[in-house]
Every structure is written in structure tokens, then in C-alpha cells.
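Below, each chain spelled out in residue letters.
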Amino acid sequence: MNPLILTIILMTVFLGTMIVMASSHWLMIWIGFEMNLLAIIPILMKKYSPRAMEASTKYFLTQATASMLLMMAIIINLMHSGQWTITKVFNPTASIIMTLALAMKLGLTPFHFWVPEVTQGISLTSGLILLTWQKLAPMSILYQISPSINLNILLTMAVLSILVGGWGGLNQTQLRKIMAYSSIAHMGWMTAILVYNPTLTMLNMLIYIMMTLTMFMLFIHSSSTTTLSLSHTWNKAPLITTLILITLLSMGGLPPLSGFMPKWMIIQELTKNSSIILPTLMAIMALLNLYFYTRLTYSTSLTMFPSTNNMKMKWQFETKQITLLPPLIIASSLLLPLTPMLSILD
Amino acid sequence: MLKIIIPTIMLMPLTWLSKKNMIWINTTTYSLLISLISLSLLNQPNNNSLNFSLMFFSDPLSAPLLVLTTWLLPLMLMASQHHLSKEPLIRKKLYITMLAMLQTFLIMTFTATELISFYILFEATLVPTLIIITRWGNQTERLNAGLYFLFYTLAGSLPLLVALISIQNLTGSLNFLLIQYWNQALPDSWSNIFLWLACMMAFMVKMPLYGLHLWLPKAHVEAPIAGSMVLAAILLKLGGYGMLRITMMLNPQTNFMAYPFLMLSLWGMIMTSSICLRQTDLKSLIAYSSVSHMALVIVAVLIQTPWSYMGATALMIAHGLTSSMLFCLANSNYERTHSRTMILARGLQTLLPLMAAWWLLASLTNLALPPSINLIGELFVVMSSFSWSNITIILMGANITITALYSLYMLITTQRGKYTHHINSIKPSFTRENALMALHMTPLLLLSLNPKIILGFTY
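Everything numeric here is computed off the predicted structure, so don't read it as measured data. (Residues numbered from 1 in each chain as written. Chains lettered and ligands numbered in written order. Predicted model: local features only at pLDDT ≥ 70, side-chain atom pairs only at ≥ 80, totals over all residues. Heavy atoms only, no water.)

### Notes on the overall build of chain B
Quick reminder of the rule: Strands are runs of DSSP state E lasting at least two residues, helices are runs of H or I lasting at least four, and both sets are numbered from the N terminus onward. What the globule rule says is 2.2 Å times the number of residues to the power 0.38, and the radius of gyration is computed from C-alpha atoms. Residue exposure (1.4 Å probe, protein chains only): buried if accessible area is under 20% of the type maximum, exposed if over 50%, otherwise partly exposed. Note on definitions: a residue-residue contact is assigned when non-hydrogen atoms from the two residues lie within 4.5 Å. For the area figures, the Shrake-Rupley method with a 1.4 Å probe applies, and any residue is considered shielded solely by the protein chains shown. Neither His nor the chain ends is counted toward charge; the positive residues are Lys and Arg and the negative residues Asp and Glu. Charged side chains are reduced to one point each, which is NZ for Lys, CZ for Arg, CG for Asp and CD for Glu.
Scanning chain B from N- to C-terminus turns up 19 helices and two strands. Radius of gyration (C-alpha) of chain B: 21 Å, near the 23 Å computed for a compact globule of 459 residues. Overall, the C-alpha framework of chain B stretches about 65 × 55 × 40 Å when taken along its three principal axes. Counting the 459 residues in chain B, one finds 63% classified as buried. Taking the intrachain contacts of chain B between residues at least 6 apart in sequence as the baseline, contacts between residues at least 24 apart amount to 83%. Element-wise, carbon and sulfur atoms account for 68% of the exposed surface of chain B, whose accessible area totals about 16300 Å². One finds the centroid of the 23 positive side-chain charges in chain B at a distance of 13 Å from the centroid of its 11 negative side-chain charges.

What follows is the structure, given as C-alpha cells:
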């Protein structure tokens, strides 16, 4: 794509999210969402193919529906409160509709069906933007309306997301779908704690973004989109396999890596609020996630994958540059001792 | 405590910066020095624990386990030299780094005061062990073994995390030094029963309890020698150590909650001992014998009498050294014949008489021959379980007999009789191997002179 056009489009995506996060007027927030949506469509279609077209169409349809639901909730809120300022939502119906709309934008169950298919149809870099940057805007709105969210709906969606994210990823070999299901599961963890302590949602979002960023960077470096092609990285760049191992185990939530920190804090917060069965259930279901990450590490770092000599020399037309990989790796694996610092997120 | 932890952490830069011909020498020497430092912890004041700081302490229960851990690292390094000799340098260094990392986590686990910190480090020991088993194991089944190991332990320990946090909410602090003094009876309710279960299941899986022991034979058999050694000697004892610490807070539910686990352990020790009599795989035999010995420890911990605690602690240390030694002996067989089948390498006494002496000593301590500390441990456990219920003497007696049977079976099959014709070209025993066995056996024999140090905090 023409670099100037790409810059303008990326700026619009960025601006859209910033408008959502910084506005106090509901209409501006809706405008921000729409700007974001319209600008990200060309990015999703960077490599022009029918599959990418299908993916961006699906994305557009779900996000537009969600925006419309959001608009309806805003209007109901306007009707009952008489003002457009974003504080809390003044009507339970509006709150429910808004929660459902934002869940659709995030990809929570039962609105998760678009996430794997859209992520699969687009390139790795676009998938990266989809799974990390696009989650910031809806999450910030959820953060702001968190006092008035209906707990039952949110917790049901969260627990179901963790379940679906774990179970759905079990049968996948395509890396983008694996990351999509991982995103669904992590969104579930984030929204589960939203009503109790929104700071932890932000913490989880931060750590999740860092880990997903790292994973995608590693995938982009080896230009691999399937488990099979990822298993050939030992030949070209053996260090990358170690980094993949560490980051995947961190995503699975194994101590002492930093992926454990959000899970631990969330379990602690939920237990303090006297729900004991829920965090136990969530923690056990996160083991499903860990299973397919471990399976990925088995084929990548911990074993020599059987391959013919032809497959060992992958065509690599240009070396892909990984930006910022060392700090990302450190952030996604070694942050656990810094847990007391999460008070800065307040 | 930092005087032990920081040198162990620094073992990792040591391996990466050493020259090619010095890695083994450097790491083994320095880890031996570290174990020398840890010996000073055995000097415990009588009715108290040595509190080094808010975060680390060592009491008569954790000090022997700590000494065992630090003692085992040089032994693991010595045992791994042969099977890593053909690997590229970076992989050797990675292996040693994994071992050093595991060692660090284990030391910190045994000396942690805060129970959540104990939990995090307990889980953290899983990662290097998983990498060692899966990356350097020898057979295809190691993948399955690693998965079983990881998921059994995690599924058991996630409820433990929730339980620890809810206890922290109730009491305000999980610092072990405080809990000793806070101790109140746990009120009787259904949620406290689940609390008991949540606390104990993690350690039951780790020990392992008879019904949950499926991961152990897989993991022990598929792991390379250092992995087997550390698994058998230390990681199982993590479960026992955790149980000993946590049962302090869980009275009086333990009185009735312990019954199912006691039944499982009592029956399980007989079952696993009997299975040993039918094993063809040498490492599998030693793995099942570990389950059997650990079942005794579970019985001892759940009975909760002073003598049983003494027996549990002594048995843990004794079994650690014996089991590790048996795995080293099995490995010396494996390195020569590349097969774990017992009958393929029999009659070794004719070819390797000195190694046969070590086999004899190891088998004798495994069957708890007086005056070894194995006997002291088992005897205390048998006596305390007899006082708990007279009928258990039948099961205990049967267990001791069957243990003797399979230990002697293992000894006779591998050592006595006519050697097979295809092993008359094996290499003679290396000095390294003999040193390894001697270093295992010497503490075991010396401790029978002064078992007081391993008898734990109820002495």
C-alpha cells in the first residue's frame, strides 16, 4: 500500500480509539467507534484476496451491528437521564444493551463467532492490530460504565468465554485461530473482574497486549501461520523457539512468568468478594488454554519435528524486522516480581 | 538464606561463561560448595526456627530437605555428563541452566515463609522440570509424560491457590511464622471441608496419592537421569513438605477428612509394591517403589502424631537419597545397554563387582534394613499407625515384606546369575559413577549414626 495512504489510515484507526477513550459525550464515542471501524477495513484487506474480503465483511457486519446496539443504548440512556455525559448508565435496559454491544465488539461468548474467522482471513500484522489495539476502545468504555453493569450477564459471558476460548482452541493448528481463541479466553478473564476491580481489567489488558504482541512478532519473524511452519523455526533461528516457549507458557498463566500475575490478582480479587467457586472454575478452564499452548511448544521448541530436507529450507524473500522484541520478551515473562507496582494503574 | 540463593542463581551465568572443557568442573565444584554452606542450617535451636528474614526461614523440617536439595545438584550434574557428552555446547549449557533454575526455585520453596510465595515457587518448579523431561527425554512417550505431569499437578494446585487466598482473607496474613501462633480450630462446615480438600489435593497429587499417581511412572521413566533424580528425590518431597506445613492449619477437619486418603494410601502402598514384582522395566520398578514409600509418608502425615511426623521426615530424606541412587544405578545400566529392560542386563556382578556392591547397598536401604534411616522412618510410621489403629499392622507388615521382595528381586535379576552373552563388551564402571554412588550412600550411612537431624521438628 502507498505509505502515505497507510499512514493516514493508521492515524485514523489510532484517532478513532483515542476519541473513544478520551470523550465524555456519548455521541463522540460512537463516532470514534465508527471511525475506527471504517479505517480498519482497508488494513484488514491489505492482501487482497477473497478470504480477506470475507473476513473484513464479517468484521464490518458484526462491528456495525454492535455500534447500532450501542447507539440504541445511548439513546435509551439519553431518554432516561436527559444528558449525554458518560458517567454511569441510568437505565438497566440500556446497561444490558450496552454490555451486549461492547461484548460483541470484544468478541465475548456468545458473540465470539467472528473472532477466529476474521483473524484467520487476514495477514499476521493486521491480525495483531485486530487482537490488541481494537480491544482497547470497547474495554475503556466498559471500564467507565463498570459500576452500572449487570453482574449476571457479564459473569455469564466471561465464564462462557473462558470455556469457549479454551475448548475452541483445542482443535486448531492454524496459529491465527489459536491466537483468536486465546483472545476470547483472555477477554473472558478481563471482563470477569470488571465489576469488582476495574484496575485489574486494565492490568490484564496490559499484560495480555504485551504477550500477544510478543507472540505475533515471533510469528511474523518466522512468517509462519501454521503449526507446521512454526515448527521449522529451529532451523533458521533457534533462539526464537526458546522465546516462543517462554511466551506461550506465560500466556498459559504459569508461574513464575508474568502471565500468572493477572490470573493471580483476579483470583485474589474474586475471592475477596466471596465468590470461591467462580475463580476455581475459571482457573481450571484456563488449563485448557495451557494445553494447546503446550502442544504448540512441543512441536516448536521441545522436540525436533520430523521434516523432509526440502521443508527445512523455507523460502524467505526478505528478513522481517521485529520491532522492540527484547523489551517485549522481558515484559511478557519477567514481570511477576513487579506485582506490587500495579497500584500505578489506579 | 541469600548466601545460598544468590550463588545458586549465579550458577547460571557461570555455565554460560565457562569454557567448553570447564563447564562440568565449574558447575559441579560450585554446587558442592553451595551444599557445604547449606549444611550449616542443620544446626537448629531446639524449640524454634531459624528466622532469616520476613521471607525466608528454616526449621528442623525444611533444613534437611534443603540440604538434600543442595546436595543433589552436584550429583545430578555428575550423573548427566555421559548422556550429554554428544550434545552441542549450547544444549549442555541450557540443560545445566535448567537444573540451576530448578534448584533455585526448590531452595526458595523450602525456605519460603509466606504461603502464597511457597505456592508460586512450587508451581515454578514445574516449568524447568517439564522442559528437562520433554526436551532431553529419550522416548516418544515423553511428550505424554510431560503433559500428564504438568496437568495433574496444575489441576490439583489451582484450588490450592484459591484456598490460600481465602485463608488469607480470613486471617490477614499467610506468613508461616504468624500462623504457628494464630492456630485456631477450623469451624465445622461444608465449605471448610472443601477448603481442606482444596488445600490438600495439590500435595496429594504431588506425593503422589495412590489414585492420582498416574503421572509418576510416566514422568520418572521418560525423564533423563537428572530429571528422574530430582523428581524422585525432591519434587515428591515438596508434596510431603507442603502437607506437613498446611495440616497445621487444618484441624480438626483432618480427623475425619483424612480417612479416605488414609485408606487409599494404605491400600495403594500394597498395590504399588505388588506391581513392582511384575515390572520388566527397571526405572518403572523404581518409580512404583517411590509411590509405595510416599504412601507411607502420606499415612504418617495424616495421622498427625509426633512420632509419625518424625517418621515422615526421616522417610522423606532417606527415600530421597535411596531412590536417587537407584535411578543412578539404573541409568548406569541404561547407558551401557540402551534398554531399561531388567532381564537384558543381568548377571552384572560378574562383570562390574564394585557396582554390584552399590546395587546391594541401595537395595538393602530400599528395603529398610536396620540401622539405616530408611528403617527409622518406616519403623516410626508403622508404630504410629499401629497406635492409630491396630489393624494397619497387617498392611504395614505386608508392605514391608513385599518391599523386601521386590528390592531383592531387582537385585538378584540385575546382579546375580549368569550374565547374558551380549553384555560382555560393556565399558567398566567409570570413577564418576562410583563417586556418584558413594556420594549418595555416604550421607545415608552417616545419618544412621545421628538421625536426630532428620527427625524433624517434633523430636
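So, next bit.
### Points about the packing of helix H17 (residues 373-388) of chain B against helix H18 (residues 392-415) of chain B
Residues and elements named next belong to chain B. Filter applied, for reference: In this description, a line fitted to the C-alpha atoms serves as the axis of each element, helices being fitted only across the stretch in contact, and the angle between N-to-C directions of two axes falls anywhere from 0 to 180 degrees. Small angles under 35 degrees read as roughly parallel and large ones over 145 as roughly antiparallel, with 65 to 115 read as roughly perpendicular and the rest as oblique. Under the convention adopted here, Pro, Cys and the residues Ala, Val, Leu, Ile, Met, Phe, Trp and Tyr are nonpolar, Asp, Glu, Lys and Arg are charged, and Gly plus all remaining residues are polar.
Direction vectors running N to C along H17 and H18 enclose 160°, while the axes themselves pass 8 Å from each other. Regarding the angle of H17 to H18, the classification is roughly antiparallel. Contact with H17, carried on its side by Glu378, Val381, Val382, Ser385, Phe386 and Trp388, involves Thr392, Ile393, Met396 and Ile400 of H18 and no other residues of that element. A breakdown of the residues in the contact of H17 with H18 according to their chemical character gives seven nonpolar, two polar and one charged.

### Some words on the interface of chain B and chain A
Put simply, the rule reads: We define buried area as the total accessible area lost by two parts upon association, computed with a 1.4 Å probe and summed across both. A side-chain nitrogen of Lys or Arg and a carboxyl oxygen of Asp or Glu constitute a salt bridge if their distance falls within 4 Å. We define a polar contact as two N or O atoms separated by no more than 3.5 Å, with the added condition that, inside protein, one atom must be a possible hydrogen donor and the other a possible acceptor, whereas residues neighbouring each other in sequence contribute only through side-chain atom pairs.
If you look at the interface, chain B gives 28 residues, while chain A gives 26 residues. The largest contributions to the chain B side of the interface with chain A come from B:Ile120, B:Phe151 and B:Val162, which together make up 21% of the buried area. There are zero salt bridges connecting chain B and chain A. Run the count over chain B and chain A and you get three residue pairs in polar contact (both at pLDDT 80 or more). Mapped onto the side of chain B that touches chain A, the elements with two or more residues apiece are helix H4 (89-111), helix H5 (115-124), helix H6 (126-136) and helix H7 (142-171) of chain B. Of the residues forming the side of chain B that touches chain A, the biggest block, 16 residues, is contributed by H7(B). For the side of chain B that touches chain A, the residue count by class is 19 nonpolar, five polar and four charged.

### Points about the UniProt feature "domain: NADH:quinone oxidoreductase/Mrp antiporter transmembrane" (unreviewed entry) in chain B
Keep this limit in mind: UniProt positions are given in the numbering used here, feature names are shortened, and annotations may be inferred rather than shown by experiment.
UniProt annotation of "domain: NADH:quinone oxidoreductase/Mrp antiporter transmembrane" (unreviewed entry) refers to residues 112-397 of chain B when read in the numbering used here. Taken end to end, residues 112-397 of chain B is 78% helix and 0% strand, and its two terminal C-alpha atoms sit 37 Å from one another.

### Overview of the nonpolar core
In a soluble, globular protein the nonpolar side chains are often hidden away together inside. Rules: Buried residues of nine kinds, namely Ala, Val, Leu, Ile, Met, Phe, Trp, Tyr and Cys, make up a nonpolar core once their side-chain atoms join them within 4.5 Å.
Counting 280 residues, the largest nonpolar core has A:Tyr59, A:Met98, A:Trp264, A:Met282, B:Ile246, B:Leu302 and B:Leu329 as the members making the most contacts within it. Not counting residues within four places of it along the chain, the set of residues in contact with A:Met98 comprises A:Trp26, A:Leu70, A:Ala73, A:Ile74, A:Val89 and A:Ile145.

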